[in-house]
Structure formats: structure tokens, C-alpha cells
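# An overview of the molecular structure
Each chain is listed here by its residues.
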Amino acid sequence: RLYDAFVGYSTKEEEFVQQIIVPQLEIEEPGLKLCLQHRDLPNTSSIADTFPGVSQLCAKHVLIVSRSYLETEWIQIKFALQELHKKIKFRPIIVMLEELSSLDLAAAPEFNLLLKTAIVLNYWEESSFWNKLRYYLPDSSKLKHRRYKKAYRRNVTLGGQNISNPCASTMG
């Protein structure tokens, strides 16, 4: 897959994602390759239109959830998620930024259903939050090795001719 994880979030959480999530998961070794909703996706289209295609490029899906997310992003993405859930077993990692009331959840019944099948991590109360999140995300050290091998295989084909051992001398 092109990305280790897709990270969906509300624009109100942009600062949290850029200052907390990105340094912890993308910059700190071993770093993951993240597809951030408001950084890497085109601004011209809605998440409902782009999510089905993007979801196939990402090994995991992380949703950073707050009241703002439910009010803005969830309304757009819920139908795409329902269609995706029909095709594949979709089990996102939901990072709860704040505790949601029963009234908040009642306003988003589809989200409430998703909570029953998703991996849910509470950012505000878990002392081992980062360890748990990394546990559910792909092992980036193994992924980097696989990416290197794929890049290596592509690079050993020169001019349509496959070179089985690029280190061997071609002189006779």
C-alpha cells in the first residue's frame, strides 16, 4: 500500500494533528507514511468522493473524533464508510479526543454503530495511548523493508532487460 495509515479529522483539529500526531507517528523513528485528510487530499473535492479511492491506498484508517468531527466530517464520510463496510471488513482505529455525551452519539447513530466494531482509543485518559496506537498500526520497520525491496526490484530492470544480479560484473 502507498500509505501506512489514513488520518481523518476535522479542520478544527489541524493543529493537534500537525503538532502531536505527525511528530509521534511520521517523524519519530520508525516513522509511518501517513495520508492526512487536510494535507494530502485535494481541497476541491469532498471526503465522501475521495475516501473510497484513498482507503484502498492505506493499510489502516485512523479517525480523530471530536464533536467538531461529528458535526462536519462525519456527515460527509458516513455514506462512503457504509458502502466500504459492505465490500470489506472495515475496522478503523478511532481516537476519541474528548468524551462524547449520549446526546452527541444519538445525533450520529451510524457513528454509534461504528464504535461497536472499531478499535477505540481515548486520547485524554490513556497513559499508554501511543503504545496502543502503534500496536494497531502497521509495523513500519517491516514496511520500510518491503518498500525498499519493491523499489530495488523496479530499479534492477533497465531498458526492458531484467538484471538478475546488478552487483555482478558485466565484463567478460
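Please refer to the structure higher up on the page.
Residue indices begin from 1 for each chain and proceed along its sequence in written order. Since the coordinates come from a predicted model, pLDDT governs what is reported: local features require at least 70, and pairs of side-chain atoms require 80 or more to be given and counted, while whole-chain, interface and lining totals use all residues. Values reported for side chains reflect all heavy atoms of the structure, with hydrogen atoms and water molecules removed beforehand.

### Observations concerning the environment of Arg 91
Comment: elements are numbered from the N terminus, with helices defined as DSSP H or I runs of at least four residues and strands as E runs of at least two. Within the secondary structure layout, Arg 91 lies in the loop between α4 (67-87) and β4 (93-96). Note on exposure labels: buried denotes an accessible area under 20% of the residue type's maximum, exposed denotes more than 50%, and partly exposed covers the range between, all computed with a 1.4 Å probe on protein chains only. The class of Arg 91 is partly exposed, set by a relative accessible area of 47%. Residues Arg 91 and Ile 119, 28 residues apart in the sequence, show an inter-C-alpha distance of 6.9 Å. Residue contacts are counted whenever heavy atoms from the two residues lie within 4.5 Å of one another. With residues up to four places along the chain from it excluded, the contact list for Arg 91 reads Thr 117, Ala 118 and Ile 119. A polar atom in the side chain of Arg 91 sits 2.9 Å from the backbone oxygen of Thr 117. Side-chain atoms alone can form a polar contact between residues adjacent in sequence; in general such a contact is a pair of N or O atoms within 3.5 Å, and within protein one must be able to donate a hydrogen while the other accepts it.

### Focus: the packing of aromatic side chains
A pair of aromatic rings is counted whenever rings of Phe, Tyr or Trp (Trp by its six-membered ring) have centres within 6.5 Å, and the orientation is called stacked for planes under 30 degrees apart, edge-to-face for over 60 and tilted otherwise. The tally for this structure, following the rule as stated, stands at 7 aromatic pairs. Between Tyr 123 and Trp 130, the ring centres sit 6.4 Å apart and the planes meet at 80 degrees, which makes this aromatic pair edge-to-face. Residue Trp 130 is classed as partly exposed on the basis of its relative accessible area, which comes to 21%. The interplanar angle of 75 degrees and the centroid separation of 4.9 Å between the aromatic rings of Phe 129 and Trp 130 together place this pair among those described as edge-to-face. Overall, Phe 129 belongs to the buried group, its relative accessible area being 2%.

### Here's the deal with empty space enclosed by the protein
Any residue with an atom within 4 Å of a point lines the site, the site being either a cavity, points on a 1 Å grid over the protein atoms alone where a 1.4 Å probe fits but cannot get out, or a pocket, an open set with protein on both sides within 12 Å along at least 5 of 7 lines. Grid points are joined across faces, edges and corners, and a volume is the space filled by probe spheres set on the points. In this structure the tally under the stated criterion is 1 cavity of 30 Å³ or more. In this structure, the largest cavity spans a volume of roughly 40 Å³. When residue character is reported, Ala, Val, Leu, Ile, Met, Phe, Trp, Tyr, Cys and Pro are called nonpolar, Asp, Glu, Lys and Arg charged, and the others, Gly included, polar. Grouping the constituent residues of the lining of the largest cavity by class yields 10 nonpolar, no polar and no charged.

Honestly, it's all geometry; don't read function into it.
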